[in-house]
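Coordinate analysis (summary)
Given next are the chains, with one letter for each unit.
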Amino acid sequence: MKKALLYKELKKTKRVWMIVFLLGITLLFYLCLKAGRSFRLVGMEHLWDVVVNRDQFIFRDLKFFPLLAGVCIGLAQYVPEMVQKRIKLTLHLPLKERTIVLLMLAQGLLSLLLLFAAQIGGVLIYTAIYFSAEFIYSTLITMVPWYLAGFTSYLFVAMICIEPTWKRRIFNAVLATGTIQLVFISSFPGAYSQIIKWIILIPVFVMPFTFLSISRFKEGEQE
Amino acid sequence: MKRINSLIILLATLLLAWGTPALYHIITDKAADYAFTYYSSVEQSFCAISYDDEKEKLVRKNVETGKKYTESEFDSILPLFYYRQLLSDGRLPDTIGGEAISPREIGLKTFYFRNDARDKNKPHIPLYTLFESMSGRVNLEMPGDFFRLTNNNIEFIDPETNTVKHEKSQNFMDAFNRSGFQFPAKLVAGNPSPRKAYDEGYFISDDNNRVFHLKMVNGKPFLKDTGFPSEVKPVYMATYEPDDKSFYAFVFGQNQKLYLLTTEQYKTEEIPTPPFDVNTDQLLIMANPLYWNVNVTSDKGKEIFALNAGTKEVVDRASFPNKKKENRIGSLLLPFEVGMEKSTSLFVTPSVKWGTYSALLANLFFALTFFFICRIKKYKKNRFSLIWVFLTGIYGFVACLAFIRK
């Protein structure tokens, strides 16, 4: 049954996942080409100088991609459930409600993790070839909050979609905007380095919220 | 589910405690209005330019006597600040305060050094550019490598190949070994800009708080212990390239004192400053051949010392307290403020600023209003929410109303 449920979730998100994956790889490829052009035109030393001494970040165009990916995967997975309230059927599967929700969330989060791992891996390999270990650390510290925003946005989309009332959906959306804003306060490279361990806790904190939406849905909350 | 709802209310409250004050400050904040102040070598007192909001014009006056000046008169009483204007008008005196001073000397000994807390408190990739200090060229050229200081050595990296330059690294490492430098380095200060007039390399404090001077001279390492007093633990250093090449750097000690590392065999001079914290306050030194104007701007206001440029003794001082008042509505409504950014740091760090006791009254009002709303709308009894609203005021009130379980 668990396999069947996972297969259903996979089927819903497969097409969107492929599109987002290709978009992510294309974006990364474009950024690498752009950086490569800079190497040829001004040389590596100038590029290092710009990054080290002028606090520029060459992968800054990736900033909102994880957020977009989280929203897209979330919508692809949960909007079909809410059309004609099909989630009722899902919740009637011979599994514990908690297991069903956890499996659905786990499938979405894992597919995002795969997406993000591919992109971060590409960035790190590229950075390791052309830059020193200090750059790799700085790149990672700068990008990690963006990818956490991706997971957080996915979890909030699940919460908002499953929520049965529009009024509360709007409040949830405002809550989501404020929470996600926390990781986009500063664009300065490494700005989050002192609180990175706390930033990692944001998606963990947000994860149970979907269960409340499920509970409200089951209780038949209305406007 | 009750616990999850409580988590949502907690998150919403914190976000409101962050967003509401931020919005409030965007609407109400006014800049601290400090007049530009400079010590007059003619009047022997501070003179200031400020903007008169009522008359909508600039007012130039002597801070002590209150005497007002026209623009032309003001140029004359601050000849070391407006020397180019006076030179252009043919009004630059030959002697100021009994001392003969030429325009060239004024140009050489005039500098402006500004240190903002953000210069220190910012993320940085620990790689450094070491220029050739005696290239014989007017313009500095990029050296073709960057150096890093690890826990036990110095390494030069070639950016073209992303590999360590072993021979150069070894040459410099030998110099570090010879000089008795104790790794790891605690502080590294230098100016990596090739646009500066000349290069004096880096000042590095070692594990024993000794300050070393590192340069590259004709491709070879130059590393020397400056003899900076080791009992003064440097917390920050800022190099500067004055035109007269009289000093290398400003060193900020753990004792909240400022030192000047001079080019005269690394002699250290203590620079008297108003009370100053390098982590929060702004320092501005406006120097001329006769006086140094040392400005410290903090939350409390702006304080200025005028120092004798030769002896660095304080000859005059002035202070301008921060007149910015907390808006009444804000202090009444907002029990506390959550901040994620500081004007003194480029790191994102959370902080909480507590409000005044008067906010408790507002909190009580919100708690009572919440209680009556719950009764009228027949919501479930929830003591937690009521206490939460009393503790967090307007933030908890809005969060609980939005996310209460009915």
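That block above? That's the structure.
Report follows, based on the coordinates. (Residues numbered from 1 in each chain as written. Chains lettered and ligands numbered in written order. Predicted model: local features only at pLDDT ≥ 70, side-chain atom pairs only at ≥ 80, totals over all residues. Heavy atoms only, no water.)

**Considerations on the overall build of chain B**
Note the cut-off: The numbering of helices and of strands both runs from the N terminus, where a helix is a DSSP run of H or I of at least 4 residues and a strand a run of E of at least 2. When we talk radius of gyration, it's over C-alpha atoms, and the globule rule is simply 2.2 Å times the number of residues to the 0.38. Think of it in three bands: with a 1.4 Å probe and only protein chains considered, a residue is buried below 20% of the maximum accessible area for its type, exposed above 50%, and partly exposed in between. The contact criterion used is simple: two residues touch if any of their non-hydrogen atoms lie within 4.5 Å. Methods summary: accessible areas were calculated by the Shrake-Rupley approach with a probe of 1.4 Å, and residue burial reflects only the protein chains presented. When charges are counted, Lys and Arg contribute as positive and Asp and Glu as negative, whereas His and the chain ends are disregarded. Taken as the charge location is NZ of Lys, CZ of Arg, CG of Asp or CD of Glu.
Along its length, chain B carries 10 helices and 24 strands. A compact globule built from 406 residues would reach a C-alpha radius of gyration of about 22 Å, whereas chain B, at 28 Å, exceeds it by more than 25%. A principal-axis box enclosing the C-alpha atoms of chain B has dimensions of 85 × 65 × 40 Å. Looking at chain B as a whole, 46% of its 406 residues qualify as buried. By sequence separation, contacts in chain B at least 24 residues apart represent 50% of the contacts at least 6 residues apart. When the accessible surface of chain B is summed, it comes to about 21,600 Å², and 52% of that surface belongs to carbon and sulfur atoms. On chain B, the mean spot of the 51 positive side-chain charges and the mean spot of the 46 negative ones are 13 Å from each other.

**Here we look at the sheet that holds strand β15 (residues 234–239) of chain B**
Through backbone hydrogen bonds, the strands of a sheet pair up, either in parallel or in antiparallel fashion. All names here are of chain B. Filter applied, for reference: Strand pairing is assigned whenever DSSP identifies at least 2 bridges connecting the two strands. Only the contacting stretch of a helix is used when fitting its axis, a line to C-alpha atoms as for every element, and angles between N-to-C directions run 0 to 180 degrees.
Ordered by their spatial adjacency, four strands build an open sheet running β15-β16-β17-β18, and the pairing between neighbours is antiparallel. Strand pairing shows two members of the sheet lacking a second neighbour, β15 and β18 (268–271), which therefore form its edges. Mean inter-strand twist for the sheet, computed between neighbouring axes without regard to direction, equals 25°. As judged from the five bridges shared by strand β16 (residues 247–253) and strand β17 (residues 258–262), these two strands associate in the antiparallel manner. The partner of A249 across the bridge, within β17, is L261.

**Observations concerning the sheet that holds strand β1 (residues 36–40) of chain B**
Residues and elements named next belong to chain B. Strand order in the open sheet made by the four strands is β1-β2-β3-β4, with antiparallel pairing throughout. The open sheet has two edge strands with one neighbour each: β1 and β4 (68–69). As judged from the six bridges shared by strand β2 (residues 45–52) and strand β3 (residues 57–62), these two strands associate in the antiparallel manner. In the sheet register, S50 faces β3, and the bridge partner there is V59.

**Brief notes about the interface of chain A and chain B**
One frequently used descriptor of interface size is the decrease in accessible area upon assembly of the parts. Our working rule: A quick way to say it: buried area is the sum, across both parts, of accessible area lost when two parts are put together, with a 1.4 Å probe. Within this document, salt bridges are pairs made up of a side-chain nitrogen of Lys or Arg and a carboxyl oxygen of Asp or Glu, the two lying within 4 Å of each other. For this analysis, a polar contact is any N or O atom pair within 3.5 Å, provided that within protein one partner can donate a hydrogen and the other can accept it, and provided that sequence-adjacent residues contribute only side-chain to side-chain pairs. Residues were grouped as follows: Ala, Val, Leu, Ile, Met, Phe, Trp, Tyr, Cys and Pro as nonpolar; Asp, Glu, Lys and Arg as charged; and all remaining residues, including Gly, as polar.
Listed per partner, the contact involves 46 residues of chain A and 40 residues of chain B. Here chain A meets chain B over a buried area of about 3,700 Å², counting both sides, of which 69% is carbon and sulfur. Put simply, chain A and chain B have two salt bridges between them. In this structure, K122 of chain B and D55 of chain A form a salt bridge, with 3.3 Å as the shortest nitrogen-oxygen distance. Taken together, chain A and chain B are joined by 11 residue pairs in polar contact (both at pLDDT 80 or more). Elements represented by at least two residues in the side of chain A that touches chain B include exactly α2 (44–53), α5 (97–130), α6 (133–162), α7 (166–181) and α10 (209–219) of chain A. The element contributing the most residues to the side of chain A that touches chain B is α7 of chain A, with eight residues. Each residue belonging to the side of chain A that touches chain B can be placed in one class, and the counts come to 26 nonpolar, 13 polar and seven charged.

**A few points about the pairing of strand β12 (residues 202–205) of chain B**
Residues and elements named next belong to chain B. Residues Y202 and I204 of β12 are buried on one face, and the alternating residues F203 and S205, pointing to the opposite face, are buried as well. Here four bridges tie strand β11 (residues 187–190) to β12, and the two strands are oriented antiparallel to one another. Bridge pairing in β12 links G190 to Y202. With four bridges connecting them, β12 and strand β13 (residues 211–217) associate as antiparallel partners. Bridge pairing links S205 to V211 in β13. Adjacent in sequence and paired antiparallel, β12 and β13 are bridged by five residues, among which N209 carries a positive phi angle near 65°.

**Some points on the side chain of D145 of chain B**
The topology assignment puts D145 of chain B in the loop between α5 (117–120) and β8 (146–149). A distance of 3.0 Å separates polar atoms of two side chains, one belonging to D145 of chain B and the other to K165 of chain B. At 2.7 Å, the side chain of D145 of chain B and the side chain of K168 of chain B are in polar contact. Those residues in contact with D145 of chain B that lie beyond four places of it in its chain are E45 of chain A together with F156, I157, P159, K165 and K168 of chain B.

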